[in-house]
Amino acid sequence: MITNPEKTTVFGRPVSVDGVPNLYEGTPVVKWTPPEAGIDNLGLHSWDTFAIPGVGEFDVEFDGYVRVVRSEPTENEWADAEVYTNLIEMKMVGESAELGTITVTLNPTCLSAGQIRTPFDPYAGEGPAAKACRMAVGCLFDMPKLGKTLFNREPVILTIDDVRSIPPAGAPGKGQIYRMLPLHDLSNPDGDPVGYLTSLRFNMGGYLAPEKIA
């Protein structure tokens, strides 16, 4: 049940934050073991490519953090366990000579949600079957130099393969984008796209100290 009236777009299953502990630097991450529910405060680094019609295509490197609430696992055994996730906060900052400082945050009207589970066609690997992680995300891309804040109507699908621990700290991931993902102007949401996200790669970092979460 969705209790937050702000969430007009829902990309997955809601996960409650009530009574869920915040986990910071020093929290152990154990392979092949589904942990209890928690809010993971993690570093994040990404490389994004934007295409702005009439302006150009730009590669931008971002650094920041995400806060992810995880559900209780559905099973105690790693191979059979599924975990549901919601992004509850994100802040990424990148610099571009042409586009200036870009700040990426969550779109507050979207429930950005995902799942970690063993694929239906698990491949052989070390120990028990590795899992796959996916997250459908609604973002705001604040670009003051352009005088615009852009947003995506279609979700950005963030994926991590070969997940051997939860959270998948230190794992590389990819944004699943077919050629171009339209970005709209927040001040004219029903207008034509004003830009496109054409590529996204990221590395999930480890737990951060509380003071690193601004």
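Our subject is the structure listed above.
Right, let's walk through the structure included here. (Residues numbered from 1 in each chain as written. Predicted model: local features only at pLDDT ≥ 70, side-chain atom pairs only at ≥ 80, totals over all residues. Heavy atoms only, no water.)

Attention shifts here to the packing of aromatic side chains. Per the counting criterion, the structure on display carries three aromatic pairs. Taking 6.3 Å as the distance between ring centres and 70 degrees as the angle between the ring planes, the aromatic pair formed by Phe-50 and Phe-62 counts as edge-to-face. You can see Phe-50 sitting in strand β3 (residues 38-52) and its partner Phe-62 sitting in strand β4 (residues 56-70), a full 12 residues away along the chain. With respect to burial, Phe-50 and Phe-62 carry one shared label: buried. Relative to Phe-141, the ring of Phe-50 lies with its centre 5.6 Å away and its plane at 80 degrees, an arrangement referred to as edge-to-face. Residue Phe-50 is located in strand β3, and its partner Phe-141 is located in strand β10 (residues 139-143); the two are separated by 91 residues in the primary sequence. The residues Phe-50 and Phe-141 share a single accessibility class, namely buried. (Phe/Tyr/Trp six-rings, centres within 6.5 Å; stacked < 30°, edge-to-face > 60°. Helix = DSSP H or I, 4+ residues; strand = E, 2+ residues; numbered from the N terminus. Buried < 20%, exposed > 50% of the residue type's maximum accessible area, 1.4 Å probe, protein only.)

Let us now look at the pattern of salt bridges. Overall, the coordinates contain six salt bridges when judged by the stated rule. Across the pair Arg-70 and Asp-40 runs a salt bridge, and its minimum N-O distance is 2.6 Å. With a gap of 30 residues between them, Arg-70 in strand β4 and Asp-40 in strand β3 connect regions that are remote in the sequence. Residue Glu-82 is joined to Arg-117 by a salt bridge in which the shortest nitrogen-to-oxygen separation is 3.0 Å. Pair noted here: Glu-82 is in the loop between β4 and β5 (83-96) and Arg-117 is in strand β8 (residues 113-117), with a separation of 35 residues, a long-range link. (Salt bridge = Lys/Arg side-chain N within 4 Å of Asp/Glu carboxyl O.)

This part is about the layout of surface pockets. Approximately 200 Å³ is the volume attributed to the second largest pocket. When the residues that make up the lining of the second largest pocket are grouped by side-chain class, the tally is six nonpolar, five polar and one charged. (1 Å grid on protein atoms, 1.4 Å probe; cavity = no way out; pocket = protein on both sides within 12 Å on 5 of 7 lines; lining within 4 Å. Points joined across faces, edges and corners; volume = space filled by probe spheres on them. Nonpolar A, V, L, I, M, F, W, Y, C, P; charged D, E, K, R; others polar.)

These figures come from the coordinates and say nothing about function on their own.
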